[in-house]
Amino acid sequence: MATFFGEVLSVYSRAVEEDDEEELDENEEDEQIRRELEEKRAVHLHWSPEITESLRSGNKLQCSSFILAVGHNAASFLSAYVLASANWDAAGRALAWNERSRSGTGQSGEESACVFYRHKDDPSVLICNVTCYIAEDQLFEWTEKVFDCLQSRELAVTVLSDRSVADYKTPDYLSSSSAPFLRSLHSSAFGDRPVCPSLEQPNIITGLPAAVLNHCQVHRIAAVVYQCYSDVAGPDSVTVENYKPVLNKLGRSIQGNSPPNQLIC
């Protein structure tokens, strides 16, 4: 405030100070809510006691083949054609709470929508079935935490992923009889021949398969994503069987299982 003679005087306002205190309290409350939400949305890995003890000792899982199925049809394929044998043990689970998934509420290994399985005779083969939604802000954390538990030397990653045919972009007419079909995308370290044509531009992969492939590309890990485009929403036996050519590219311990007589989704 200025006087008639131009002298500037400091003016104390109790109202301004109270407003500043209220704003500070609101900021602290918002920050507390944000921290609690981040903690709630954090990705948590729960391994078996044996694996947990090994990781605590500083030993990463000796993994030569990591097979990840994302989506109900991809997971149903591995469950029917691979995990149906008695050669697999549940090795752990991942919990990730978000608005569309409640898999972070402390479910058991069998109930969780993200379960890891380990081959009994060949523990270097690891499978993960993911049927829950992993939010965009959780993808990096999920990928980093999982791969931080695996040794990356000589590791081969195979990802099976479901996608709606409505998301497939092509200049040509795509009849309903064309679906389901497979497309592949792989890291530069992948030296094998994929079982299907490459994914054509401008099509892309998204979500967890994209996060895993990006991680493998950066860390020079051999990885391939097989994306199945289907015109059926939800589990479908025809779509599930479309993944069968991938069996020929997987390890012997996986190929040894005979396919089921009847597939129920």
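About the cut-offs
- Residues numbered from 1 in each chain as written.
- Predicted model: local features only at pLDDT ≥ 70, side-chain atom pairs only at ≥ 80, totals over all residues.
- Heavy atoms only, no water.
- Phe/Tyr/Trp six-rings, centres within 6.5 Å; stacked < 30°, edge-to-face > 60°.
- Helix = DSSP H or I, 4+ residues; strand = E, 2+ residues; numbered from the N terminus.
- Buried < 20%, exposed > 50% of the residue type's maximum accessible area, 1.4 Å probe, protein only.
- Core = buried A, V, L, I, M, F, W, Y, C linked by side-chain atoms within 4.5 Å.
- Contact = heavy atoms within 4.5 Å.
- Polar contact = N/O pair within 3.5 Å; in protein donor to acceptor, adjacent residues only side chain to side chain.
- Pairing = 2+ DSSP bridges.
- Axes fitted to C-alpha atoms, helices over the stretch in contact; angles between N-to-C directions.
- Parallel < 35°, antiparallel > 145°, perpendicular 65-115°, else oblique.
- Left-handed = near helix turned anticlockwise from the far one by under 90°.
- Nonpolar A, V, L, I, M, F, W, Y, C, P; charged D, E, K, R; others polar.

A.B. asks: I'm lost on the packing of aromatic side chains in this one. Help?
C.D. replies: Aromatic rings in a pair are described by how distant their centres are and how their planes are angled relative to each other. For the coordinates displayed, the defined rule picks out eight aromatic pairs. Between the aromatic rings of F66 and F147, the centroid separation amounts to 5.8 Å while the plane-to-plane angle is 85°, which identifies the pairing as edge-to-face. Separated by 81 residues along the polypeptide, F66 in strand β2 (residues 65-70) and F147 in helix α4 (residues 136-147) bring together distant segments of the chain. Using a relative accessible area of 0% as the deciding quantity, one classes F66 as buried. Judged by relative accessible area, which is 6%, F147 ranks as buried.

A.B. asks: Looking at this structure, I do not really get the nonpolar core. What am I missing?
C.D. replies: As a rule of thumb, nonpolar side chains are buried together in soluble globular proteins. Ranked by size, the top nonpolar core spans 42 residues in total, and within it F66, L68, F116, W142 and V157 carry the most contacts. When neighbours within four sequence positions are excluded, V157 is seen to be in contact with F66, F147, V212, C216, I221, A222, A223 and V224.

A.B. asks: What is the right way to read the side chain of T158 from this model?
C.D. replies: Secondary-structure assignment places T158 in strand β7 (residues 156-164). What T158 contacts, discounting residues up to four positions off in sequence, is F66, I67, L68, V224, Y226, V246 and L250.

A.B. asks: Could you clarify how one ought to interpret unusual backbone geometry in this entry?
C.D. replies: Along the chain, A179 connects to P180 via a cis peptide bond; the corresponding omega equals 5°. Within the secondary structure layout, P180 lies in the loop between β7 and β8 (181-186). A cis amide bond links Q201 to the next residue, P202, at an omega of 5°. Among the structural elements, P202 can be located in the loop between β8 and α5 (207-218). Unusually for a residue other than glycine, R220 sits at a positive phi of about 55°. Locating R220 in the fold gives a position in the loop between α5 and β9 (222-230).

A.B. asks: I tried to follow the side chain of H119 on my own but got confused; where do I start?
C.D. replies: Within the fold, H119 resides in strand β5 (residues 114-119). Owing to a relative accessible area of 4%, H119 belongs among the buried residues under this scheme. A distance of 3.1 Å separates a polar atom in the side chain of H119 from the backbone nitrogen of D121.

A.B. asks: What exactly am I supposed to notice about the pairing of β9 here?
C.D. replies: The element β9 is extensively covered by neighbouring structure, given that nine of its nine residues are classed as buried. Residues A222, V224, Y226, C228 and S230 of β9 are buried on one face, and the alternating residues A223, V225, Q227 and Y229, pointing to the opposite face, are buried as well. Examined bridge by bridge, β7 and β9 share nine bridges and lie parallel to one another. Residue A156 lies in a different strand from β9, and its bridge partner there is A222.

A.B. asks: Just to check I follow, could you spell out the packing of α4 against α5 for this structure?
C.D. replies: In a pair of packed helices, the angle between the axes and the distance between the axes together describe the arrangement. Taken N-terminus to C-terminus, the directions of α4 and α5 make an angle of 50°; their axes are 9 Å apart at the nearest point. Classified by the interaxial angle, the pair formed by α4 and α5 is oblique. Relative to α5, α4 is oriented so that their crossing is right-handed. Residues L139, W142, T143, E144 and F147 of α4 form the contact with α5, whose participating residues are G207, L208, A211, V212, H215 and C216. Counted by class, the contact of α4 with α5 contains seven nonpolar, three polar and one charged residues.

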